[in-house]
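# Coordinate inspection notes
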Amino acid sequence: MEMYRRLFAPKWTRETVKWIALALILVSSPALGQSEEALLTVETDSPAESTNIPAENNRIRALRINPHAPTIDGLLNDVMWSKAEFVSGFTQKEPNEGEPAQDQTEVAFLYDDVALYVAARLRKTEPHDIVSTMSRRDKAGNSERIIISLDTYHDRRTAYSFAVTASGVRVDYYHASDSEGNRDYDFDPVWEARVQRTEYGWSAEMRIPFSQLRFQNRDVQTWGVNINRWTTNLNEDSYWVMIPKESNGWSSRMGELTGIEGIHPGKRVELLPYVSSDATFATVDPENPFRDGKDYAGRIGGDFKIGMGPNLTLDGTINPDFGQVEADPAVVNLSAFEIAFPERRPFFLEGRQIFETRVDYFYSRRIGAPPHGNPDASFLDMPVNTSILGAAKLTGRLNSGLSVGVLGALTQKEKAKLYDASDGSFDEAVVEPTAGYGVVRLQQEFGANSSTIGIIGTGMQRDVHSGNELAFLTTRAASGGLDWNLRWKGGRYVLSGYSGASYVSGTHEAIEDVQTSSARFYQRPDADYVNFDPSRTSLAGWTAGAEFEKNAGKHWLWEVSGQAKSPGFELNDIGLLRQADDITGRAGLEYRENEASGIFRKYDVELGTGTNYNFGLDRQWTYFDLETFAEWRNFWGTWLGAEFGPAGQSDNLTRGGPSMATYDWWNVGMDLWSGQSGKTTWAMWAGRWDDIGGGGGYWAGGRVTFRPGSRWELSLNPRYNIWTNSDQYIDTQGGGSALTYGDRYIFAWNDRSSLRIETRLNYAFTPNFTLELWAEPFVSSGRFYDFGELRAARTNDKRVYGEAPGTSINNEGDGVYTVNDRGETFQFEASDFNRVSFRSNVVLRWEWSPGSTLYFVWQQNRAGEEPTGGRVNLNSLGDAFGAEGTNFVALKITYWIPLF
């Protein structure tokens with residue numbers, strides 16, 4: 001299967017050639033990023049003349065400069081820095097909360113009409129102890145760093161953070177809520193930073209254009225500000241305004257940045273055109289008339305960003321290209337449920353937090369997903385993904401505290417070419433209709449504690465009608481709801497909740513598929529509270545939930561929650577829903593100690609429980625959970641957990657059949673990890689689970705990261721699993737007894753094993769010029785045995801074929817089994833397997849000019865399968881490298897054009 005094959009290859013017109021020529025001229029710029037000299041020790045002007053302000057004032061004054069701006073080189077020897085007010089007096093949060101930072105930090109701010117400038121002097125008692133590892137942007141690693149956080153709206157809820165490491169690597173992220181840990185790393189503004197080693201430690205200098213920030217249109221600005229320094233060799237996290245660990249909040253507890261006057265939000269119009277070309281080389285069947293093993297394509301497109309007043313930004317993309325995006329990991333899914341992969345495409349990542357709610361109304365990977373059609377033919381030429389013709393989103397936050405998110409996208413009709421080898425005929429079939437997607441999200445903040453109330457609405461429409469080959473797809477889908485987050489006592493107590501509804505419509509065939517999908521299984525013969533109606537052309541449902549929690553305090557924290565999803569609730573056209581027909585309650589209690597004592601730096605103990613019913617009030621599952629966490633004096637950490645669940649009922653094991661009993665089960669697990677200050681860091685984990693029916697297994701894994709030099713980083717993440725499932729669903733056939741409503745629900749024992757080693761190797765020539773390798777060999781096996789059928793609904797008893805009186809079973813080969821049950825003969829398929837996969841991604845990334853990037857990409861996707869079923873081991877991984885597959889090579893160039 002091809003990975004990220006181009007969705008279409010436009011002809012090389014004169015305009016296309018112009019774009020390519022322009023890009024090649026632009027890429028000839030000598031800028032490679034920060035030079036090696038910037039990391040050498042230098043002599044700078046003495047800082048003795050500058051003014052130091054203690055942190056207790058919680059206020060920093062920025063000084064206006066005119067007409068000359070400082071040179072961003074990290075030296076801090078421009079004369080204007082000697083006039084700036086430097087703040088100091090940082091306080092530890094880790095490891096010794098409340099104590100002064102062991103090394104002094106001094107930070108100052110300047111500004112002019114177009115940008116904010118930041119200078120930092122980071123003193124070290126022993127400068128040779130500075131940990132400085134170079135990597136690409138947004139990957140700080142374990143390097144020492146300085147972080148500037150700005151609440152530019154001064155709404156005490158949101159913030160932008162800009163960081164630079166001791167090696168000059170820039171990191172930036174957006175806090176969409178009043179939480180330091182809520183970080184959107186897909187916020188990628190265009191800004192500058194440089195660092196220098198000095199006789200007293202190191203220094204940093206930043207330039208943050210006002211065009212990259214959102215703030216209110218006022219003559220006098222007051223912004224929230226906080227400054228954080230991470231000192232690796234001391235495992236020290238220090239702050240200008242330190243927020244105690246027993247408290248919560250981030251923007252709401254910042255100090256103030258004052259003195260900024262006479263600046264106004266700009267129009268912010270930016271273009272980011274691209275040109276790309278690629279080639280795919282694949283192993284193909286020589287009889288395939290569509291492929292010769294080579295495929296070449298080129299494309300042009302671009303993104304744009306337009307400021308809609310001082311608070312809103314319109315982002316758009318036309319004919320987007322995501323060839324540089326890392327591939328999804330390989331999986332083997334024997335369940336009835338979809339596996340959801342995280343979003344990786346830049347356009348959908350940036351600003352996505354505004355669309356995130358407790359309910360997954362919007363799952364962006366529905367847009368541009370693989371086509372739904374699967375026509376029957378000897379050979380197919382079919383697109384891997386649906387082409388996105390264009391997409392746009394409007395996001396921002398108004399002065400009133402109203403956050404806004406609007407997104408729309410249009411995907412094109414996709415066709416597959418067909419070849420029938422029996423008569424040599426060619427044909428084509430539509431495999432995906434034209435479709436439009438839309439999302440609207442509004443969230444209003446109110447009150448002194450930054451409570452919120454919000455609404456969200458989504459819609460999808462496909463060009464599908466009765467009688468065509470895609471009539472099994474829904475035509476329209478709409479969903480949405482209300483959510484709230486009520487906070488008091490500074491956010492220590494939170495009452496949150498939501499309610500929502502969904503509606504889908506389409507042909508009889510489409511709505512029948514929705515009713516019988518794994519999310520609800522309306523066809524269950526013992527489910528008297530739902531009505532399966534094959535004549536339906538629409539389906540509607542609802543959801544609601546609430547949670548009450550105490551999430552701050554010295555020792556005791558707790559939460560209690562409940563939620564419900566009606567059987568007809570459906571989101572899977574534009575959102576994500578694993579299962580409807582669901583009523584769940586949970587409760588948790590935590591005791592924590594954040595003050596170092598004895599052998600611990602900190603620890604906590606958590607108790608939890610939960611239970612789930614369907615709308616027929618059949619209890620599906622219950623669990624009781626105990627977890628402990630501890631950080632030791634040497635900064636190592638451990639986690640121990642144990643969980644128990646009593647037997648219940650399952651309304652999905654028979655995949656549309658009657659309810660089936662489950663077994664008592666339990667599991668235990670342990671994690672152990674090192675501190676983060678060394679050149680080598682590691683973690684390991686292991687666990688075991690069992691049920692009283694004979695199922696069970698083990699899991700083990702680890703992660704080790706080596707940093708042999710300041711530019712190299714190697715990470716290995718092996719994971720190994722062995723498990724046995726005593727209730728693996730195989731098939732449903734007629735001829736069953738009245739105890740199972742006239743059908744046979746066939747199950748087997750299934751022995752499974754899997755091994756993967758995720759590998760990352762990064763080399764940084766400069767902070768703006770990096771080479772990254774991601775590779776993952778993966779092997780998995782499955783062996784089926786002891787086939788039988790459910791004896792009676794609501795039990796787990798099985799009539800094992802060949803053991804039950806009057807039955808016999810014969811393996812016909814190729815995974816086909818024949819069963820004779822008292823003279824009645826039937827067949828089913830269950831093939832043992834050993835599957836191998838190797839996926840890799842090599843990206844050479846060069847930010848050759850601010851905001852402009854060149855990518856060279858090489859991807860591999862190899863896969864194979866044998867019907868053996870033996871457990872995998874390290875030797876099995878070698879088969880993954882030799883499997884057949886595809887090689888994809890691409891070159892992509894982007895050019896950032898700030899128009900205003």
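This text goes with the structure placed above it.
Overview of the structure. All values reported here derive from a predicted model rather than from experimental measurement.

## What to know about the overall build of the protein chain
Helix and strand counts for the protein chain stand at 4 helices and 49 strands. Taking 29 Å as the expected radius of gyration for a compact globule of 900 residues, we find that the protein chain reaches 30 Å, a close match to that expectation. On the principal axes, the C-alpha backbone points of the protein chain span a range of 100 × 70 × 55 Å. Across the 900 residues in the protein chain, those meeting the buried criterion constitute 53%.

## Looking at the environment of Phe281
Within the element layout of this structure, Phe281 appears in strand β16 (residues 269–282). By relative accessible area, Phe281 is classed as partly exposed at 33%. Once the C-alpha coordinates of Phe281 and Ala176 are considered, the two residues, 105 residues apart in sequence, prove to be 43 Å apart.

## Comments concerning the sheet that holds strand β45 (residues 824–829)
Pairing in this open sheet of 3 strands is antiparallel, and the strands run β43-β44-β45 from one edge to the other. If you trace the sheet from one side to the other, it starts and ends with β43 (807–813) and β45, each paired once. Neighbouring strand axes in the sheet, compared pairwise and without regard to direction, differ in orientation by 20 degrees on average. Bridge count for β43 against strand β44 (residues 816–821) is 6 bridges, and the pairing is antiparallel. Following the sheet pairing, Asn810 is matched in β44 by Thr818.

## Side note on the pairing of strand β21 (residues 402–411)
Among the 10 residues in β21, 7 count as buried, and that is most of the element. Two elements, strand β20 (residues 388–397) and β21, share 9 bridges in a ladder whose sense is antiparallel. Bridge pairing in β21 links Arg397 to Ser403. Linking β20 back to β21 in an antiparallel pair, the connection comprises 4 residues, with Gly401 at a positive phi of about 90 degrees. Across 10 bridges, β21 lies against strand β24 (residues 435–446) in antiparallel orientation. Directly across from Thr411, in β24, lies its bridge partner Ala435.

## Quick notes on the environment of Arg871
Here Arg871 lies in the loop between β47 (852–866) and α4 (877–881). Take Arg871: its relative accessible area is 48%, and that puts it in the partly exposed class. Note: C-alpha distance between Arg871 and Ser780 (91 residues apart in sequence) is 7.9 Å.

## So, the packing of aromatic side chains
Given two aromatic rings, one states the distance between the centres and the angle between the planes to describe the pair. By the definition in use, this model includes 40 aromatic pairs. Ring centres of Phe347 and Phe348 lie 5.1 Å apart, and the angle between their planes is 85 degrees; on these two criteria the pair is classed as edge-to-face. Owing to a relative accessible area of 8%, Phe347 belongs among the buried residues under this scheme. In this structure an aromatic cluster arises from ring pairing among Tyr160, Phe162, Tyr174, Phe187 and Trp191. Just above the ring of Phe86 sits the side chain of Arg121; from NZ or CZ to the centre is 4.0 Å. Here the basic side chain of Lys892 rests over the ring of Tyr274, its NZ or CZ set 5.1 Å away from the ring centre.

## Observations concerning helix α3 (residues 508–515)
Every buried residue of α3 is accounted for by Ala510, Ile511, Val514 and Gln515. Along the long axis of α3, the arc covered by the buried residues comes to 140 degrees, so they all point the same way. The secondary structure elements touched by the buried residues of α3 are β27 (493–505) and β28 (538–550).

## Structural notes on a nonpolar patch on the surface
On the surface, Trp556, Leu589, Val605, Leu607 and Leu626 cluster together into a nonpolar patch covering about 440 Å² of accessible area. Residue placement: Trp556 occurs in strand β29 (residues 556–565). Look at Trp556 and you get partly exposed, because its relative accessible area is 45%.

## Looking at the pattern of salt bridges
For the structure shown, the criterion picks out 55 salt bridges. Between Lys124 and Asp103 there is a salt bridge; the shortest N-O distance is 3.7 Å. Of this pair, Lys124 sits in the loop between β7 (115–123) and β8 (145–151) while Asp103 is found in the loop between β5 (91–94) and β6 (105–111), placing the two residues 21 residues apart along the sequence. The exposure class of Lys124 is buried, given its relative accessible area of 7%. Judged by relative accessible area, which is 8%, Asp103 ranks as buried. Residue Arg835 pairs with Glu865 through a salt bridge whose shortest N-O separation is 3.3 Å. Of the two residues, Arg835 sits in strand β46 (residues 833–849) while Glu865 sits in strand β47, which places them 30 residues apart along the sequence. The exposure class of Glu865 is partly exposed, given its relative accessible area of 46%.

## Quick notes on the sheet that holds strand β19 (residues 379–381)
Strand order in the open sheet formed by 3 strands is β19-β22-β23, with antiparallel pairing between adjacent strands. Two strands close off the open sheet at either side, each with one partner strand: β19 and β23 (425–432). On average, each strand axis in the sheet is inclined to that of its neighbour by 25 degrees, with strand direction left out of account. Two elements, β19 and strand β22 (residues 414–420), share 3 bridges in a ladder whose sense is antiparallel. In the sheet register, Phe379 faces β22, and the bridge partner there is Tyr419.

## Quick notes on the nonpolar core
Counting 39 residues, the largest nonpolar core has Val107, Phe109, Ile146, Ile227 and Leu257 as its most contacted members. Secondary structure elements with two or more residues in this core: β6, β7, β8, β9 (159–165), β11 (192–198), β12 (201–209), β13 (220–231) and β15 (255–261). Non-local contacts of Phe109, meaning those with residues more than four positions away in its chain, are made with Ile60, Arg61, Ala62, Leu63, Trp81, Leu116, Tyr117, Val118, Ile148, Val225, Ile227 and Leu257. Ranked by size, the runner-up nonpolar core spans 33 residues in total, among them Ile354, Leu407, Tyr437 and Ala580.

## A few points about unusual backbone geometry
Here the bond from Asn66 into Pro67 is cis, since omega is 5 degrees, no more than 30 degrees from zero. Mapped onto the elements, Pro67 comes out in the loop between β3 (63–64) and β4 (85–87). A cis amide bond links Glu94 to the next residue, Pro95, at an omega of 0 degrees. Checked against the element boundaries, Pro95 lands in the loop between β5 and β6.

## Some remarks on the side chain of Thr165
By secondary structure assignment, the location of Thr165 is in strand β9. Engagement of the side chain of Thr165 in a polar contact is seen with the side chain of Ser167, the distance being 2.9 Å. Not counting residues up to four positions away in its chain, the partners in contact with Thr165 are Ala140, Ser143, Glu144, Arg145, Val195 and Trp202.

## As for the pairing of strand β37 (residues 680–691)
Across 9 bridges, the pairing between strand β36 (residues 665–673) and β37 is antiparallel. The partner of Trp665 across the bridge, within β37, is Asp691. Between β36 and β37, which pair antiparallel and follow one another directly, the connecting turn spans 6 residues. Across 11 bridges, the pairing between β37 and strand β38 (residues 696–706) is antiparallel. Across the sheet, residue Thr680 finds its bridge partner in β38, namely Phe706. Counting the residues in the hairpin turn of β37 and β38 gives 4 residues, including Gly694, whose phi is positive at 105 degrees.

Thresholds applied
Residues numbered from 1 in each chain as written. Predicted model: local features only at pLDDT ≥ 70, side-chain atom pairs only at ≥ 80, totals over all residues. Heavy atoms only, no water. Helix = DSSP H or I, 4+ residues; strand = E, 2+ residues; numbered from the N terminus. Rg over C-alpha atoms; globule rule 2.2 N^0.38 Å. Buried < 20%, exposed > 50% of the residue type's maximum accessible area, 1.4 Å probe, protein only. Pairing = 2+ DSSP bridges. Axes fitted to C-alpha atoms, helices over the stretch in contact; angles between N-to-C directions. Phe/Tyr/Trp six-rings, centres within 6.5 Å; stacked < 30°, edge-to-face > 60°. Lys NZ or Arg CZ within 6 Å of the ring centre and 35° of its normal. Arc of directions from axis to C-beta. Contact = heavy atoms within 4.5 Å. Patch = residues over 30% accessible without salt bridge, like charges linked within 9 Å, V, L, I, M, F, W, Y side chains within 5 Å. Areas by Shrake-Rupley, 256 points an atom, 1.4 Å probe, with all protein chains shown as cover. Salt bridge = Lys/Arg side-chain N within 4 Å of Asp/Glu carboxyl O. Core = buried A, V, L, I, M, F, W, Y, C linked by side-chain atoms within 4.5 Å. Polar contact = N/O pair within 3.5 Å; in protein donor to acceptor, adjacent residues only side chain to side chain.

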